[in-house]
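These are the residues of each chain, in order.
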Amino acid sequence: MRSRGALGAAALLLALTGCSGDAEAPTLRVYAAASLAATFEEIATLFEADHDGVEVELVLGGSSDLAAQIGEGAPADVFAAADEPTMGTLVEEDLATGTPEVFATNALEIAVPPGNPADVRSVADLARPGLRLVLCAPEVPCGAAAARAARAAGVALEPVSEEQSVSDVLGKVRSGEADAGLVYVTDVLAAGGAVAGVDVPAPGAAANRYPIVPVAGSAEPDLAAAFRDLVLGPEGQRVLRAAGFAPAP
Amino acid sequence: MSLPRWLFVPAALGAAFVLLPLVAILARVPWADFPTLITSESSRAALGLSLRTSATSTVLCVLLGVPMATVLARTRFRGQGLLRSLVLLPLVLPPVVGGIALLYTFGRRGLLGEHLEVLGIQVAFSTTAVVLAQTFVALPFLVVSLEGALRTAGQRYEVVAASLGAGPTTVFRRITLPLVLPGLLSGTVLAFARSLGEFGATITFAGSLEGVTRTLPLEIYLLRETDVDGAVALSLVLVVVAVLVIGLARQGRAQ
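Please read all numbers here as calculations on a predicted model, not as lab measurements.

Attention now moves to the overall build of chain A. When its secondary structure is counted, chain A shows 9 helices and 10 strands. Split into buried and exposed, the 249 residues of chain A put 49% on the buried side. Sequence-distant contacts, at least 24 apart, represent 78% of the contacts inside chain A between residues at least 6 apart. For chain A, the accessible surface area stands at approximately 11200 Å², while carbon and sulfur atoms represent 55% of it.

Contacts between the two partners involve 25 residues from chain A and, on the opposite side, 24 residues from chain B. Summed over both sides, the interface of chain A with chain B buries roughly 2200 Å², with 49% coming from carbon and sulfur. Counting every contact that joins chain A to chain B gives 5 salt bridges. Of all the secondary-structure elements, those providing two or more residues to the side of chain A that touches chain B are α1 (2-17), α3 (63-71), β7 (161-163) and α6 (166-174) of chain A. Looking at side-chain class alone, the side of chain A that touches chain B contains 9 nonpolar, 6 polar and 10 charged residues.

In this section: the pattern of salt bridges. The tally for this structure, following the rule as stated, stands at 16 salt bridges over all chains. Several salt bridges converge on common partners, so that one network encompasses A:Arg132, A:Asp179, B:Arg108 and B:Glu117.

Now for the sheet that holds strand β9 (residues 196-199) of chain A. Residue and element names in this part refer to chain A. Judged by pairing direction, the sheet is mixed, and its 5 strands sit side by side in the order β7-β6-β8-β5-β9 without closing on themselves. With one partner strand each, in any of the chains shown, β7 and β9 form the two edges of the open sheet. Ignoring strand direction, the axes of neighbouring strands in this sheet form an average angle of 35 degrees. With 4 bridges joining them, strand β5 (residues 108-112) and strand β8 (residues 180-184) adopt antiparallel strand pairing. By the bridge assignment, Ile-110 is partnered in β8 with Leu-182. Helix-sheet contacts for α6 involve β5, β6 (133-136), β7 and β8, and the interaxial angle to β8 is about 145 degrees.

This next bit is on the confidence of the model for chain B. Per-residue pLDDT for chain B has a mean of 91; in total, 98% of the residues score no lower than 70. Ranking the helices and strands of chain B by mean pLDDT puts helix α3 (residues 41-74) of chain B first, with 95, and helix α13 (residues 228-254) of chain B last, with 84.

The next subject is the nonpolar core. With 64 residues, the main nonpolar core has A:Leu36, A:Phe40, A:Phe103, A:Ile110, A:Leu126, A:Leu182 and A:Phe227 as its most contacted residues. In contact with A:Leu126, not counting residues within four places along its chain, are A:Ile110, A:Val120, A:Leu131, A:Leu133, A:Leu157, A:Ala180 and A:Leu182.

When two helices pack together, their arrangement is given by the angle between the helix axes and the distance between those axes. All names here are of chain B. Between helix α8 (residues 156-163) and helix α9 (residues 168-179), the least distance of the axes is 10 Å, while the angle of their chain directions is 160 degrees. Judged on the interaxial angle alone, α9 and α8 are roughly antiparallel. Along this stretch, α8 crosses α9, giving a crossing that reads as right-handed. Residues Tyr-157, Glu-158, Ala-161 and Ala-162 of α8 touch α9, and the partners they reach there are Val-171, Ile-175, Thr-176 and Leu-179.

Before going further, it helps to spend a moment on unusual backbone geometry. Both trends apply: most residues other than glycine have a negative phi, and most peptide bonds are in trans. A positive phi angle, near 60 degrees, is found at A:Asp94, a position not held by glycine. Tracing the chain through its elements places A:Asp94 in the loop between α4 (84-92) and β4 (101-106). A relative accessible area of 64% means that A:Asp94 is categorised as exposed. Positive phi, close to 65 degrees, is recorded for B:Phe125, a residue that is not glycine. Looking at where B:Phe125 falls in the secondary structure, it is placed in the loop between α6 (113-118) and α7 (127-153). Take B:Phe125: its relative accessible area is 6%, and that puts it in the buried class.

With that out of the way, let us pick up empty space enclosed by the protein. Remark: the empty space left among the atoms is shown by a probe the size of a water molecule rolled over them. Residue and element names in this part refer to chain A. This model, assessed by the stated rule, comprises 2 cavities of 30 Å³ or more. The volume enclosed by the largest cavity comes to roughly 100 Å³. Taken together, 14 residues line the largest cavity, and the ones lying closest to its centre are Gly-62, Ser-63, Ala-82, Cys-142 and Val-166. Per-class residue counts for the lining of the largest cavity are 8 nonpolar, 6 polar and no charged.

Moving on to helix α8 (residues 221-232) of chain A. Residues and elements named next belong to chain A. Between its first and last C-alpha, α8 extends 17 Å over 12 residues, near the 16 Å set by a 1.5 Å rise per residue. Among all positions in α8, only Leu-223, Ala-224, Phe-227, Arg-228, Leu-230 and Val-231 are buried. Looking down the long axis of α8, one finds its buried residues gathered within 160 degrees of arc, a one-sided arrangement.

Now for the packing of aromatic side chains. Across all of its chains, the model carries 8 aromatic pairs over all chains by this definition. Pairing A:Phe47 with A:Phe227 gives two aromatic rings, centres 5.3 Å apart and planes at 65 degrees, and the pair type is edge-to-face. Remark: A:Phe227 occurs in helix α8 and A:Phe47 occurs in helix α2 (residues 37-50); sequence separation between them is 180 residues. Its relative accessible area of 0% is what places A:Phe47 among the buried residues. The interplanar angle of 50 degrees and the centroid separation of 5.6 Å between the aromatic rings of B:Trp31 and B:Phe34 together place this pair among those described as tilted. The rings of A:Phe40, A:Phe47, A:Phe103, A:Tyr184, A:Tyr210, A:Phe227 and A:Phe245 are connected pair by pair, giving a single aromatic cluster.

On to the sheet that holds strand β3 (residues 78-80) of chain A. Note: strands within a sheet are paired through backbone hydrogen bonds, in either parallel or antiparallel orientation. Residue and element names in this part refer to chain A. The strand order β2-β1-β3-β10-β4 describes an open sheet built from 5 strands, whose pairing is mixed. The open sheet terminates on both sides in strands that have one partner only, identified here as β2 (55-61) and β4. Averaged over all pairs of adjacent strands, the angle between strand axes in this sheet comes to 20 degrees, irrespective of strand direction. The sheet contacts of α8 involve β1 (27-33), β2, β3, β4 and β10 (208-214), and relative to β10 the element is tilted by about 150 degrees.

Conventions adopted
- Residues numbered from 1 in each chain as written.
- Chains lettered and ligands numbered in written order.
- Predicted model: local features only at pLDDT ≥ 70, side-chain atom pairs only at ≥ 80, totals over all residues.
- Heavy atoms only, no water.
- Helix = DSSP H or I, 4+ residues; strand = E, 2+ residues; numbered from the N terminus.
- Buried < 20%, exposed > 50% of the residue type's maximum accessible area, 1.4 Å probe, protein only.
- Contact = heavy atoms within 4.5 Å.
- Areas by Shrake-Rupley, 256 points an atom, 1.4 Å probe, with all protein chains shown as cover.
- Buried area = accessible area lost by both parts, 1.4 Å probe.
- Salt bridge = Lys/Arg side-chain N within 4 Å of Asp/Glu carboxyl O.
- Nonpolar A, V, L, I, M, F, W, Y, C, P; charged D, E, K, R; others polar.
- Pairing = 2+ DSSP bridges.
- Axes fitted to C-alpha atoms, helices over the stretch in contact; angles between N-to-C directions.
- pLDDT = per-residue confidence, 0-100.
- Core = buried A, V, L, I, M, F, W, Y, C linked by side-chain atoms within 4.5 Å.
- Parallel < 35°, antiparallel > 145°, perpendicular 65-115°, else oblique.
- Left-handed = near helix turned anticlockwise from the far one by under 90°.
- 1 Å grid on protein atoms, 1.4 Å probe; cavity = no way out; pocket = protein on both sides within 12 Å on 5 of 7 lines; lining within 4 Å.
- Points joined across faces, edges and corners; volume = space filled by probe spheres on them.
- Expected span 1.5 Å × (residues − 1).
- Arc of directions from axis to C-beta.
- Phe/Tyr/Trp six-rings, centres within 6.5 Å; stacked < 30°, edge-to-face > 60°.

Dropping the structure here:
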């Protein structure tokens, strides 16, 4: 009896993972950096309203992680990264259709728990001994930006933890475990009152440029190009601006 | 007794399902760079930290788990079944949930953390946090296997020893423990292996910093994004350690 149950389960597993519904409405798979979560969800809704029957599937995560997944053959149609070096790895692997276009920039901001208990006022304050600072690991875009910000301010930062993504940094600040973290302006805005923001002076030096490109080998090249155009166009830009992103220079 | 023949087909499928991914890792290992990859500074720091913290948490598991298993196996009290289920909860709990639970216990604003903070003790972001996370997830492994061994061994020898005048501590030390030594050994090895593989609770509760909290699984997770070869090489190291550990545990049981 038990073996038969196991066989049944295996059959069900095969049925579930097998391809089904090829004839259904086309799905556009958009791989986007985690910091784009809220804006791209809104843009995806706009896109679905414009294209009858098309379904946009958002895959959100760390940019480098997504780039690695696409490199391994993940079925992406569009890729939007949080910085240009990460996009560069995709271009090098000939997985980009045309040249990636920068659609927004995002500056760094210091996130602190509400009330700013450690009284952080500048990037230089982040180097204060005893202050529990959390950054992104230098391998991921927000960590690279943090390193640029530290260089620009002429300080050496010693974080207590180097997290995998900007949302992990925000989580540590939100929970009050960290006194401060370097995240994007848009993250502080999206967190509402859960964290407070302290401006980084001359953020231009540390700002990230977000490029977007249709992925080569996509089954829906026209839809992919249309999605990119929507992001670059006035409607997409309006959504991005409302979330705190700055326009492409 | 002969088995029905058709049984072998799903059995072989199952075995292939487990073994094939391991073969896939072997196939992807960049053998030429392998020595350089696993001896890089960050890899050695991660491996060293993993071994140190896993050894410490295994000792903690033995110190706490042996009495726990003995009490659960040798006494009867109201609510024991419920207590056992609760104590074994980390076994089925997603580790990330364990990490969140630990954060609200030992974290800065946690139940105990607040008081520890007053004493100047900071747990979060420290190697101590890694050890706590590993102990939390590994402890039930030791308790389960030791409790099973204790129940199988039965109480006959203990009763005889006690009737001959041995005190409870002597019985525990001279009879109970030696009797279940193989079970204790395999439980210890399992706890060590589980500590070594701990990821979810650590990254949630302890953070990730080279040499302090970034254990081998966390290092692999980070490398996977930017240095796939390095991640694969270190994964193989963990696979080899796991195979050794299973071998040890089997030997412990066979004795």
